[in-house]
Amino acid sequence: MRRHLARLLTVLAVLAAAFATPGTASGEAQAADEWNPPAHLAQPLNEVWNHVESTYGNLYGFRNYGWDQIMANRGSVNYCVRWESDAPVSAALRDRIHAALKKQFGKWMTAMTENGKGHNAWPYPNVPVNIVGWAVKNRATLQWTDNSVDIYTGILDSGGAPQCAPDCGRFFHQDGNYSKCPGGAARHYDQSLWLTKGFGGGAGGDWGQRMGQEYFTGALNQENIHIYLHEVGHTFGLDDFYDWSPTGQCCFLMKAGSAAQITEFDTWMLRDFWRHLKSRYGL
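Below or above, wherever it landed, is the structure these notes cover. (Residues numbered from 1 in each chain as written. Predicted model: local features only at pLDDT ≥ 70, side-chain atom pairs only at ≥ 80, totals over all residues. Heavy atoms only, no water.)

**Topic: the sheet that holds strand β7 (residues 150-153)**
- Taken in spatial order, the six strands make up an open sheet running β7-β5-β1-β8-β10-β9, and their pairing is mixed. On the outer flanks of this sheet lie β7 and β9 (202-205), each paired with one strand and no other. When the angles between neighbouring strand axes are averaged without regard to direction, this sheet yields 20°.
- Bridge analysis of strand β8 (residues 191-196) against strand β10 (residues 208-212) gives five bridges, and the strand direction is parallel. Note on β10: the bridge partner recorded for L195 is M211.
- Sitting on the sheet, helix α5 (residues 91-110) touches β1 (77-84), β5 (129-136) and β8, and the angle it makes with β5 is about 135°. (Pairing = 2+ DSSP bridges. Helix = DSSP H or I, 4+ residues; strand = E, 2+ residues; numbered from the N terminus. Axes fitted to C-alpha atoms, helices over the stretch in contact; angles between N-to-C directions. Contact = heavy atoms within 4.5 Å.)

So, in structure tokens, the structure goes:
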């Protein structure tokens, strides 16, 4: 009798532990509940992700999304400004550009938070943006003498545009080896804000964002610098919508020209991208 009772107690203990331990069926169901988009967005979000999976050539193998950069830095991102213009830059203008860049990038990071916490295990509700350098053709274009940022002159890409030292760029060193960067790993840059005189529209990717110098500096007082915001969406992997629209969604930032700010749908597309990538970080 005692033997049977002991066996029964052992079985009950195992069952109790199974239901109480995180990672069991009960724990997995709780984790799944973290994905809770508004009901009216469920279908269009599924359509978007199905489209992404069918059209991105290396969706899960690519390792330089904005997500990867922030995770590698443990919660921050570094920028270098490529000033492809002969317009002079005062220290005051430099600081205004820096402030606008930080504010605008922060809008996407705000989309990843709820009640002050990261959404769906996103570990960094606040992501500092550091501007570590400027690249120009002519040093005299930059009208300051302090050493708050590194200055790169005479380093040109294949098209003749000034760029920050490749030895310091994550795009060129995705293994995180910045041993040849003059300022070391702390002065590396993950992305470039590439401002080109006379450039129309925008471009964006894991390397950063490019747009007109006149456009960006002319929009410094705006609440939303929408071309920049759109291009940062690409940095985090979000797609363009030139030839189709998800069900019920007419107007959102990633559908160029239809919205000038991050919308509810943009927010949930960003969160959905994170949902599908977070396992690569053990989350």
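**Focus on the nonpolar core**
- If you look at the biggest cluster of nonpolar residues, it comprises 59 residues, and the most contacted ones within it are W67, F105, W108, W134 and Y228.
- Those elements that provide at least two residues to this core are α3 (39-55), α4 (66-72), β1, α5, β5, β8, α7 (226-235) and α8 (264-277). (Core = buried A, V, L, I, M, F, W, Y, C linked by side-chain atoms within 4.5 Å. Buried < 20%, exposed > 50% of the residue type's maximum accessible area, 1.4 Å probe, protein only.)

**Focus: unusual backbone geometry**
- Not every positive phi belongs to a glycine, and R74 is a case in point at roughly 60°.
- You can see R74 is positioned in the loop between α4 and β1.
- Of note, the phi angle at A121 is positive, near 75°, even though the residue is not glycine.
- Here A121 shows up in the loop between β4 (117-118) and β5.

**Here's the deal with the pattern of salt bridges**
- The final tally for this structure, using the stated rule, is 11 salt bridges.
- With a closest N to O distance of 2.9 Å, D95 and R94 form a salt bridge.
- A relative accessible area of 6% means that R94 is categorised as buried.
- Across the salt bridge formed by R275 and D272, the nearest N and O atoms sit 2.9 Å from each other. In this pair, R275 and D272 are both assigned in helix α8, three residues apart and thus about one turn of the helix distant.
- For D272, a relative accessible area of 3% gives the class buried.
- Via salt bridges that share partners, R94, D95 and D146 belong to a single interconnected network. (Salt bridge = Lys/Arg side-chain N within 4 Å of Asp/Glu carboxyl O.)

**So, the state of the cysteines**
- Per the counting criterion, the structure on display carries two disulfides.
- Here C168 engages in a disulfide with C181; their sulfurs sit 2.1 Å apart. Across the S-S bond of C168 and C181 the torsion is about 95°, and the bridge reads as right-handed. Of the two residues, C168 sits in the loop between β7 and β8 while C181 sits in the loop between β7 and β8, which places them 13 residues apart along the sequence. Note on accessibility: C168 and C181 belong to one class, buried.
- Each bonded cysteine of the chain is numbered by sequence order, and under that numbering the disulfide pairs are 1-2, 3-4. (Disulfide = S-S within 2.5 Å.)

**Notes on the packing of aromatic side chains**
- Under the definition given, this model contains 21 aromatic pairs.
- Note on W134 and W144: the rings are 5.5 Å apart at their centroids and 75° apart in plane angle, and the pair reads as edge-to-face. Separated by 10 residues along the polypeptide, W134 in strand β5 and W144 in the loop between β6 (142-143) and β7 bring together distant segments of the chain.
- The exposure class assigned to W134 is buried, which follows from its relative accessible area of 0%.
- Clustering of aromatic rings is evident, with ring pairs tying together W67, Y79, F105, W122, Y124, F236, W274 and Y281. (Phe/Tyr/Trp six-rings, centres within 6.5 Å; stacked < 30°, edge-to-face > 60°.)

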